[in-house]
Amino acid sequence: MLIDFHTHTFPDRIAAAAIKELSERAGIPPHTDGTVQGLKDAMKRDGVDISVVLPVATNPAQVEKINRRALETNASSAENGLISFGAMHPDYADYKTELKWLKDNGFKGIKLHPDYQSHYVDDPAMLNIISEADSLGLYTTIHAGIDIGFPDDVHCPTTRTRHMVDMLHPTHVILAHTGGWKQWDEVIELLTDPALYFDISFSLGMITQKQFLTIMGQHGSDHLLFGTDTPWDTAAHTLEELKKLPLTQEQMDDICYKTGSKILGL
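What this report covers is the structure whose coordinates are included nearby. (Residues numbered from 1 in each chain as written. Predicted model: local features only at pLDDT ≥ 70, side-chain atom pairs only at ≥ 80, totals over all residues. Heavy atoms only, no water.)

A word on the overall build of the protein chain
The secondary structure content of the protein chain amounts to eleven helices and nine strands. Across its three principal directions, the C-alpha atoms of the protein chain cover 45 × 40 × 35 Å. Scored against the burial criterion, the 266 residues of the protein chain give a buried share of 58%. Of the contacts formed within the protein chain by residues at least 6 apart in sequence, a portion of 76% connects residues at least 24 apart. (Helix = DSSP H or I, 4+ residues; strand = E, 2+ residues; numbered from the N terminus. Buried < 20%, exposed > 50% of the residue type's maximum accessible area, 1.4 Å probe, protein only. Contact = heavy atoms within 4.5 Å.)

Structure (structure tokens):
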């Protein structure tokens, strides 16, 4: 079984424009067309059983619309293999009510992207949302480290992530990109809290073997999640790179599906 815990899609009407803009900004080619069908095609091609879709609200007005559409996705997850997290924005005023609605409607978590949302991860608005989600048992996946499209102003550097953890002591936080993209030495130094989960999306092939194994040793393979950041990488490539590492079958199983299954309640 293979669970991809970090994917993105866009509504069909804006997918082409969104993919073009993001690809040009980041200087990387997409591997799907950004649509739901494109993700399904990639899953079939690469043998992915379940993809977790992580929607990003770039302004607070998008939150409810995205979440109601995500509810429709989840209603047919048994047929299409897609499970969507909810969206939240730090400037969304009634976040407690919306988070409770997400919990009541069976969502497993939310996605925050500090760079796209122009808030540092330890800003009060971010802390309030992460804390409330944690208290409800909702997982919060956070883009961590440098964003390739916004390299000059990092809103979730490892130092600020450390501050957030010290303030909240969360048990339901997933830090994307193996804890902090291109900041993995700092992750090793500062983010040794064993309660944190990391997805490994868009990391393998860039993170060194020593860095990856050190992070896994600090947190355990049962706190690592397979992820691709589709459309920006593929499951086939991520799995190929993962197989180059000296992992036991138990560790591979944890990363590829056991940790994800536990979080999703499968």
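Still to come is the rest of the account.
Quick word on unusual backbone geometry
The linkage connecting Thr 230 with the following residue, Pro 231, adopts the cis geometry, with an omega of 20°. Residue Ser 118 is not a glycine yet carries a positive backbone phi of 55°. With respect to the helices and strands, Ser 118 occurs in the loop between strand E5 (109-112) and helix H6 (124-136). Ser 118 sits in the exposed class, given a relative accessible area of 54%. Positive phi is not limited to glycine here, since Asp 229 has a value of about 65°. Residue position: Asp 229 is located in the loop between strand E9 (224-225) and helix H10 (235-243).

Things to note about the pairing of strand E2 (residues 50-53)
Side chains Ile 50 and Val 52 of E2 all project onto a buried face; the interleaved residues Ser 51 and Val 53 project onto the opposite face, where all are buried too. Pairing analysis gives three bridges linking E2 to strand E3 (residues 82-84), with the strands arranged parallel. Counted as the bridge partner of Val 52 is Ile 83 from E3. (Pairing = 2+ DSSP bridges.)

Structural notes on the packing of H10 against helix H11 (residues 249-264)
Close contact between H10 and H11 brings their axes to 12 Å; oriented N to C, the two are set at 160°. Viewed along their axes, H10 and H11 adopt a mutual orientation that is roughly antiparallel. Once H10 is placed against H11, the crossing between them reads as right-handed. Across the interface between the two elements, Leu 239, Leu 242 and Lys 243 of H10 pack against Met 252, Ile 255 and Cys 256 of H11. (Axes fitted to C-alpha atoms, helices over the stretch in contact; angles between N-to-C directions. Parallel < 35°, antiparallel > 145°, perpendicular 65-115°, else oblique. Left-handed = near helix turned anticlockwise from the far one by under 90°.)

Re the pattern of salt bridges
One pass over the structure, following the stated rule, counts seven salt bridges. For Glu 241, the salt bridge identified is with Lys 244, shortest N-O distance 3.1 Å. (Salt bridge = Lys/Arg side-chain N within 4 Å of Asp/Glu carboxyl O.)

A look at the sheet that holds E9
Across the sheet, which stays open at both edges, the six strands sit in the order E4-E5-E6-E7-E8-E9 with parallel pairing between neighbours. Two strands close off the open sheet at either side, each with one partner strand: strand E4 (86-87) and E9.

Concerning the nonpolar core
By size, the foremost hydrophobic cluster in this structure holds 63 residues, and its most contacted members are Met 88, Leu 99, Phe 212, Phe 226, Leu 242 and Ile 255. In terms of residue count, the dominant contributor to this core is H6 (six residues). Not counting the four nearest positions on each side in its chain, Phe 226 is found in contact with Leu 2, Ile 3, Asp 4, Phe 5, Ile 200, Ala 235, Thr 238, Leu 239, Leu 242, Ile 255 and Cys 256. Ile 3, Phe 5, Ile 83 and Tyr 197 belong to the second-largest nonpolar core, a separate cluster that totals 13 residues. (Core = buried A, V, L, I, M, F, W, Y, C linked by side-chain atoms within 4.5 Å.)

Regarding the side chain of Gln 117
Within the secondary structure, Gln 117 sits in the loop between E5 and H6. At 2.8 Å, the side chain of Gln 117 and the backbone oxygen of Met 88 are in polar contact. Here Gln 117 is in contact with Val 56, Ala 57, Met 88, His 89, Pro 90, Leu 112 and Met 126, once residues within four sequence places are set aside. (Polar contact = N/O pair within 3.5 Å; in protein donor to acceptor, adjacent residues only side chain to side chain.)

Considering helix H5 (residues 95-104)
The set of residues buried in H5 consists of Tyr 95, Glu 98, Leu 99 and Leu 102. Take H5 and look down its axis: the buried residues cluster within an arc of 100°, on one side only. Looking at the buried residues of H5, the elements they touch are helix H3 (63-75), E4, E5 and H6. Note on H5: the residue one or two positions beyond its end, Gly 106, has a positive phi of about 85°. (Arc of directions from axis to C-beta.)

Looking at the packing of H6 against helix H7 (residues 158-168)
One can describe the packing of H6 onto H7 by two numbers: an axis separation of 11 Å at closest approach and a directional angle of 50°. The orientation of H6 with respect to H7, classified from their angle, is oblique. Two packed elements cross with a definite hand, and for H6 against H7 that hand is right-handed. The segment H6 lies against H7, with Leu 127, Ile 130 and Ser 131 engaging Met 164, Met 167 and Leu 168. For the contact of H6 with H7, the per-class residue count stands at five nonpolar, one polar and no charged. (Nonpolar A, V, L, I, M, F, W, Y, C, P; charged D, E, K, R; others polar.)

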